[in-house]
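Residue-level structural notes
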Amino acid sequence: MKALVKQHAEPGLWLMDVPEPETGPGDVLIKVLRTGICGTDLHIRSWDGWAQQAVTTPRILGHEFVGEVAAVGADVTDIAVGDVVSGEGHLVCGKCRNCLAGRRHLCRSTIGLGVGRDGAFAEYVALPASNVWVHRTAVDLHVAAIFDPFGNAVHTALSFPLVGEDVLITGAGPIGIMAAAVAKHAGARNVVITDVSESRLELARKAGATLAVNVSRTDIAAAQRQLGLKEGFDIGLEMSGRPEAMRDMVDNMTHGGRIAMLGLPAQEFAVDWSKIVTSMITIKGIYGREMFETWYAMTVLLEGGLDLTPVITGSYGYQDFDAAFDEAATARSGKIILDWTV
Ligand SMILES: [Zn+2]
Ligand SMILES: [Zn+2]
């Protein structure tokens, strides 16, 4: 089968013929239909410091996908050939305290699909049945391909109750934009999102943000005044991993405000902890999705009319992966999809 492989420990990706994945009795073999390109994949393509310590070659990339079940192992009873499925990209140990308690998203020994084991940028991918999410209601294939990052957005946005609250999102990448759509759909009063990319801010407006603020030209305090906020934001969703965004967020929170932090900083940085203490702010780190509560929430949000199509800005055949990756690497694009059926 064709697969996009990190074949050598150097920048680049290689489209190659490789053997189909082997499956055991508890596994599902999936014919891949569409995949989403993630920042993780861009890091692995460019072979930066993170990728060099996280990935051993050769490795098939990719963790955001939708496909059709091609075969199931003898022990798999509730998934059938032909089912349309996505997959949870975090494979957990099943043995640690958190796994045993059903808190699988908190597993200490998570292995990432397309990072620590071969992934979904291929004509076929194999997964344990426990990681497979069956789409039991009709879903747009492009949207189904991005359930993994959509799950990051839902997990972050719904970390704290937000009905009627004023929400600040720093970072209008695809996950920030999806989080804006989720927060608005779920009943937030105002959703303010910040970035320095005008085209991404425009996508966020289309997705339902109340106000999309270019912080290279104006500041969040001005946005507060424009909306008539007097005491700051109730909920913060940090999606950029950038020190200045976190500092801006802390400066603009209400007393008792709550921050969910998904953006992964490249290195440690200073914040004014005295403000966090005296403003009595709660900070929660988010990694991945809750299995499978977040997946349930994603499905019902879409059934309830949540529209993610504004965030999908490009689609390429898998042979054109280089052009697709180049577009995904710009600061202008939303999600870029690879089609594995053309
Ligand atoms: Zn991803
Ligand atoms: Zn575990």
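Residues numbered from 1 in each chain as written. Chains lettered and ligands numbered in written order. Predicted model: local features only at pLDDT ≥ 70, side-chain atom pairs only at ≥ 80, totals over all residues. Heavy atoms only, no water.

**Description of the side chain of serine 333**
You can see serine 333 is positioned in the loop between helix H12 (321-328) and strand E18 (335-339). Given the relative accessible area of 5%, serine 333 is considered buried. A polar atom in the side chain of serine 333 sits 3.2 Å from the backbone oxygen of glutamate 327. The residues touching serine 333, leaving out its near neighbours within four places in the chain, are Arg200, Leu203, Thr313, Glu327 and Ala328. (Helix = DSSP H or I, 4+ residues; strand = E, 2+ residues; numbered from the N terminus. Buried < 20%, exposed > 50% of the residue type's maximum accessible area, 1.4 Å probe, protein only. Polar contact = N/O pair within 3.5 Å; in protein donor to acceptor, adjacent residues only side chain to side chain. Contact = heavy atoms within 4.5 Å.)

**A closer look at the coordination of the zinc ion (ligand 2)**
At 2.3 to 2.4 Å from the zinc ion (ligand 2) lie its protein donor atoms, namely Cys93 (SG), Cys96 (SG), Cys99 (SG) and Cys107 (SG). Considering all four donor atoms around the zinc ion (ligand 2), the spread of angles at the metal, 103 to 118°, places the coordination shape in the tetrahedral class. Going along the chain, you hit the donors of the zinc ion (ligand 2) in the pattern C-x2-C-x2-C-x7-C. With a relative accessible area of 28%, cysteine 93 lands in the partly exposed category. The buried category is assigned to cysteine 96, whose relative accessible area is 14%. (Donors = N, O, S within 2.8 Å, 3.2 Å for Na, K, Ca; no water. Tetrahedral: all angles 85-135°; square planar, octahedral: opposite > 155°, others 65-115°.)

**Focus on the coordination of the zinc ion (ligand 1)**
For the zinc ion (ligand 1), every protein donor is listed as Cys38 (SG), His63 (NE2) and Glu64 (OE), and the spread of their distances is 2.1 to 2.4 Å. We note that the donor set of the zinc ion (ligand 1) lies within a single chain, spaced as C-x24-H-E. Judged by relative accessible area, histidine 63 falls into the buried class, the value being 9%.

**Quick notes on the packing of aromatic side chains**
Under the counting rule described, the total for this entry stands at seven aromatic pairs. Between tryptophan 133 and tryptophan 295 the ring centres are 6.0 Å apart and the planes differ by 40°, which places this aromatic pair in the tilted class. Placement of tryptophan 133 in strand E10 (residues 132-134) and of tryptophan 295 in helix H11 (residues 293-303) is noted, with a sequence separation of 162 residues between them. A relative accessible area of 17% places tryptophan 133 in the buried class. Overall, tryptophan 295 belongs to the buried group, its relative accessible area being 0%. Centre to centre, the rings of phenylalanine 147 and phenylalanine 150 are 5.6 Å apart; their planes meet at 80°, and the pair counts as edge-to-face. Within this pair, phenylalanine 147 and its partner phenylalanine 150 are both found in helix H5 (residues 147-157), separated by three residues, close to a single helical turn. The ring of tyrosine 124 carries the charged tip of lysine 31 above its face, separated from the ring centre by 5.7 Å. (Phe/Tyr/Trp six-rings, centres within 6.5 Å; stacked < 30°, edge-to-face > 60°. Lys NZ or Arg CZ within 6 Å of the ring centre and 35° of its normal.)

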